[in-house]
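Remarks on the overall topology
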Amino acid sequence: MPSFSEVPVSLSARSKGAFVGLLVLAATIVCSAVLHFRAMNALQKEVQDKLMRTAMAIAARMDGDLHRTFTDRSQEAGADYEKAMTPLRDALYWRQDGKPLRTDYRYIYTCILKDGEVYFVLDPTPPGRIRPDGIEEKSHIMQPYANASEGLLGTLRTGRPTADRHPYVDQWGTFISGYAPFYDSEGKQAGAVGVDWKAETYAARLDGIHRAWYLQVVICLAAGLLSGVGTALALARRERAEAVWQQAVEETRRNRERWRIMVETLPKPAAHLQDGELWINEPLEKCLGYARGELTSVDQWFTRLRGKDAAEARALYEADRAGGFVRSREIQACTADGTLKHFEVAAHAYGPGEVWLLDDITEEKAYKTRLIAAREEAEAAVRSKGVFLATVSHEIRTPMNGVIGMTNLLIETSLAPHQREMVETIRSSGEALVVVINDILDYSKLESGGMELEAEPFDVRSCVEDCLDLFAGLAAGKGLVLVGAVSPGLPAAIRGDCARLRQVLCNLIGNAIKFTERGEVEVRVSAEEGASATPGALTLHVAVRDTGIGIPAERMDRLFRSFSQADSSTARKYGGTGLGLAISRRLVELMRGSISVESTPGRGSMFSFTFPTTVEPAMAGSPQPPSALAGKRVLLVETHAGWAEATASTLRRIGVVCTVAPDTGRAWAALRSKTSWDLLLVDLQMPGGGLDWWRQVRAEVASPPPALGLSTILSEDVRGETRAAGMARLLQKPVRTAVLWQAATEAIVPERSPSRVPSAAFDGKLADRRPLRILVVEDNPVNRLVTVRLLERFGYRADVVEDGYEAVRMVRDRPYDVVFMDLQMPGLNGYETTRRIGELLPEGRRPWIVALTANAMNDDREHCLRLGMDDYVSKPIRLVDFERALRAVRGPDESAQQLS
């Protein structure tokens, strides 16, 4: 076979060859030119691809949360700055044989966009390098980048990776760069990574392409045969360029998968939606039990997870999407095994796609359901306990009403001393049992959180004096001095719960008397104004001091615990439930106050509490200072300093000139002075005998002033001796303010004395001054007898019926002023009977109805008043409560008239 050079070529063939050669040459030149430009484009894509991949690889290693912390150049010396630059430094250098070598990248850095301006943050370039033009090569934290390229701005604004198509120039030189965003733990863009390639390297690559094209032209001009080789080379380059382009397309697709990759790496259930294609991550697969291939679209998501509710759920999703997913939504989803789970879904839109973040709240929902069920069960238990306690209270109080009522009646009859002692023991034991019942009921109410305090005006002095009256006899029986010292500056009335204040005070006084064998118990009450900015605000201070056994320091922590006592041994001397102080502490805390104790073993204790309140105008019915006593001179002969101070303060508050004589010697000196005395107040139990001293005064003084006796004992013997000695009246210590004012007025100016204030003893002639037609409705025979006998003590005769039906008939047929109504009766109870009476009779004929019940909770009284009853007396019935109820009766034909 001849060689290629030996083949003959005709002229025509040569012409054709020349034509073909020229055609091939022309085609080659044209093709080479085309390939030249495509090669340049391929180079651009290759460079852009390389730069973007490098930037994205660095961005994937960036810590967005740490990056956000760099805000000042001074942080460049810190360890966090060096740690944050590790991905940039690793990309800028690579190692060979353990030595770092410089790559073709000129600079690698991070930038942020703030207020529309670009700022540098991280730059691994060593500091201190200065270019010949005086510019430092390294950028610093928050250094402005005024000449940032459009590609960098686009990445910072849109969050999309990009690269420069052409070199750009800034103050550091000419570069071509690639950029990629990076994110923090919340998925928010924290900044962008920039990678600068040397412009000279890029120019060298471009020069190579140009030289290749020139060479092709020369070769084409030199020989047509080489054009084929050039064409082949060009085709090869084209194929390479196509491969590079395909790689760029694939890389672009991978960039679109960035969000999916991010979702996949999240530790919590999440899903990604873009262009109608749904992608769920592995935690969501495990949570739902569906494979990814089973949930690839929104339709499959709602159809499989929501079932028959798919359309409704889809509509809610579309509404949230239209509103920009401004809030999370709770959904219920059916898993692959049919289990229902609850999720809280927070969706976020980012341009063409969405990311759904799901929190499995199934256990939380179940816990809340169990919590609600437990709360309802607890509330039911509390209600059951309340009903049980009310029932127990009623069942105990009903027979106790008979025990205490009958002993109160029996003790007023003629009894031998030992019989009277036994009756007194029965009565005191019954009353002690009632106290225990009350403590248990109050503690139960406090524990259930059902106790609410009243906020009504009341006279605080009367409240304190009521408590002192209650324990005066007990203190006198033990030979103790019971003193009440109320500050003269105390307002006439304050706002609060009088009953609860009285309960706390009685608990403290009762404890003080119980644990004191000799000496005194002192109650001091004062007020401090200006406790807050509220007009009329003040803080009430109450202290109860005793000279009893005291409390050891190691047992102080037991005092305010429920069912706990300072001495809890089986051989303890003093009894009790251990609830009194616990209840007192809880009540004081409900008053927004605090309680404390100071004690010295063997010397006594002092319990004190404070609470905020407000001053109220003087109440109607409060004792008014008698003007007739102003300027009168009173000599108080009192050996005990506490009683002397309290009594003198009460008198001086109304303008009385009161002089205290602590013994008979100084009393004689005062009497023999030139002072004209209007009244003597004499302690009958002072050394030497106050009554004997008074008899001596009457015998030796020509015109002695009137005298009032003061004593802790008010027995009939003492009363008789006082009257026989010529004293105007006998007063029990501690003396009530109103009683002292009234007694002094009666003794000094009888013609101007006020109407008598009822004493603690019952009024046996009440029926004469206040005749009432009374009906008693009671099914228990013992309680019927007690109620009737108590009414007889006040001089009343009453009609008695045993059930509600008979009561309605009696009220319809006869006019009654007052009906004492038992509440728990078979057939027709007291509430229903009261309702029927109210419906049967017009307002002018309706009698005054007083509830008699063994239920003693506070809300029992409120319940009675809400259902139309006018008053309330709890069993066991006390004489003082019964007298109060009788005095409070309003007849059908009278207006609001209060008995004096």
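What comes next is a walk through the structure. (Residues numbered from 1 in each chain as written. Predicted model: local features only at pLDDT ≥ 70, side-chain atom pairs only at ≥ 80, totals over all residues. Heavy atoms only, no water.)

**Some remarks on the pairing of strand 23 (residues 679-683)**
For clarity, the threshold we go by: Exposed residues in this analysis have more than 50% of their type's maximum accessible area, buried residues have under 20%, and partly exposed residues fall in between, with area computed by a 1.4 Å probe over protein chains only. A helix here means a DSSP run of H or I that spans at least four residues, while a strand means a run of E at least two residues long, and both kinds are numbered starting from the N terminus. Whether two strands pair depends on DSSP finding at least two bridges between them. Looking down the strands as they point away from you, a crossover is right-handed if its path from the first strand over the helix to the second goes clockwise.
The element strand 23 is largely enclosed, with a buried count of 5 among its 5 residues. Residues L679, L681 and D683 of strand 23 are buried on one face, and the alternating residues L680 and V682, pointing to the opposite face, are buried as well. Of the strand pairs in this sheet, strand 21 (residues 633-637) and strand 23 are connected by 4 bridges, and their pairing is parallel. Its bridge partner lying in strand 23, V637 is registered against V682. As paired strands, strand 23 and strand 24 (residues 707-711) are joined by 4 bridges and run parallel to one another. When the sheet's bridge partners are listed, L680 is paired in strand 24 with A707. Between the parallel pair strand 23 and strand 24, the chain is carried across by helix 19 (residues 690-700), and the sense of this crossover is right-handed.

**Comments concerning the layout of surface pockets**
The condition is simple: Cavities and pockets are found on a 1 Å grid laid over the protein atoms alone: a cavity is a set of points where a 1.4 Å probe fits but cannot escape, a pocket is an open set with protein on both sides within 12 Å along at least five of seven lines, and a lining residue has an atom within 4 Å of such a point. Grid points are joined across faces, edges and corners, and a volume is the space filled by probe spheres set on the points. Classification convention: Asp, Glu, Lys, Arg as charged; Ala, Val, Leu, Ile, Met, Phe, Trp, Tyr, Cys, Pro as nonpolar; all other residues, Gly among them, as polar.
In this structure, the second largest pocket occupies an estimated 890 Å³ of space. Lining the second largest pocket are 34 residues, and of these Y183, D184, G187, W259 and M262 lie nearest its centre. Those elements giving two or more residues to the lining of the second largest pocket turn out to be helix 1 (11-61), helix 2 (64-67), strand 7 (173-183), helix 7 (225-256), helix 8 (258-265), strand 12 (340-349) and strand 13 (353-360). Across the lining of the second largest pocket, the residue classes tally to 19 nonpolar, 6 polar and 9 charged.

**A closer look at the nonpolar core**
For clarity, the threshold we go by: We call a set of buried residues a nonpolar core when its members are Ala, Val, Leu, Ile, Met, Phe, Trp, Tyr or Cys and they connect through side-chain atoms within 4.5 Å of each other. The contact criterion used throughout is that any non-hydrogen atoms of two residues lie within 4.5 Å.
L501, I509, L540 and F609 are the most contacted members of the largest nonpolar core, which totals 40 residues. Residue assignment for this core shows that the elements contributing at least two residues are helix 14 (460-477), helix 15 (498-514), strand 17 (520-529), strand 18 (537-546), helix 16 (580-590), strand 19 (594-600) and strand 20 (604-616). If near-sequence neighbours (up to four positions away) are discounted, I509 is found in contact with C467, L468, F471, L482, V523 and V544. Counting residues in each nonpolar core, the second largest holds 30 residues, with A59, F70, I108 and A180 among its members.

**Considering the sheet that holds strand 10 (residues 277-280)**
Condition: Each axis is a line fitted through C-alpha atoms, and for a helix only the stretch in contact is used; angles between axes span 0 to 180 degrees, taken between their N-to-C directions.
Across the sheet, which stays open at both edges, the 5 strands sit in the order 10-9-13-12-11 with antiparallel pairing between neighbours. With one partner strand each, in any of the chains shown, strand 10 and strand 11 (329-334) form the two edges of the open sheet. Here the average twist between neighbouring strands, direction ignored, is 30°. As paired strands, strand 9 (residues 270-274) and strand 13 are joined by 5 bridges and run antiparallel to one another.

**Topic: the state of the cysteines**
The condition is simple: Cysteine sulfurs are considered disulfide-paired once they come within 2.5 Å of each other.
Under the definition given, this model contains 0 disulfides. Of all cysteine sulfurs in the structure, the one in C506 sits closest to C467, which takes part in no disulfide; the separation is 3.4 Å. Residue C467 is classed as buried on the basis of its relative accessible area, which comes to 0%.

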